[in-house]
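Notes for the structure review
Each chain, letter by letter, is given below.
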Amino acid sequence: MGLQIVVDRDRCEGLGMCEAMASDYFEVREDADGEESVHVLDETPPESDRAHVHAATQACPVLALSLQG
């Protein structure tokens, strides 16, 4: 198994730091309850994007994102 982006939905506040840093992987959307949260556009990024995606996950101020693999 390669890289995988993991979102802790209980922590996510939809602040958008991840989207600002890597909009090709993250998008903040409003859910049915009107709350904003992150939607991962591609949960399994290629190894060549590891540094890019890692930086975006580390930018999350509420620690809702991680990169496994």
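Right above here is the structure, for reference.
Rules of the game
- Residues numbered from 1 in each chain as written.
- Predicted model: local features only at pLDDT ≥ 70, side-chain atom pairs only at ≥ 80, totals over all residues.
- Heavy atoms only, no water.
- Buried < 20%, exposed > 50% of the residue type's maximum accessible area, 1.4 Å probe, protein only.
- Helix = DSSP H or I, 4+ residues; strand = E, 2+ residues; numbered from the N terminus.
- Pairing = 2+ DSSP bridges.
- Salt bridge = Lys/Arg side-chain N within 4 Å of Asp/Glu carboxyl O.

Residues Ile5 and Val7 point to one face of strand 1 (residues 4–7) and are all buried, whereas Gln4 and Val6, pointing to the other face, are not buried. For strand 1 and strand 4 (residues 65–68), the ladder comprises four bridges, and the chain directions are antiparallel. Bridge pairing in strand 4 links Gln4 to Gln68.

Counting across every chain of the model gives three salt bridges. The partner of Glu27 in a salt bridge is Arg29, with the nearest N and O atoms 2.5 Å apart. Accessibility expressed as a relative area gives 28% for Glu27, which makes it partly exposed. Between Glu47 and Arg50 there is a salt bridge, with its nearest N and O atoms 2.7 Å apart. Residue classification places Arg50 among the partly exposed residues on the basis of a relative accessible area of 30%.

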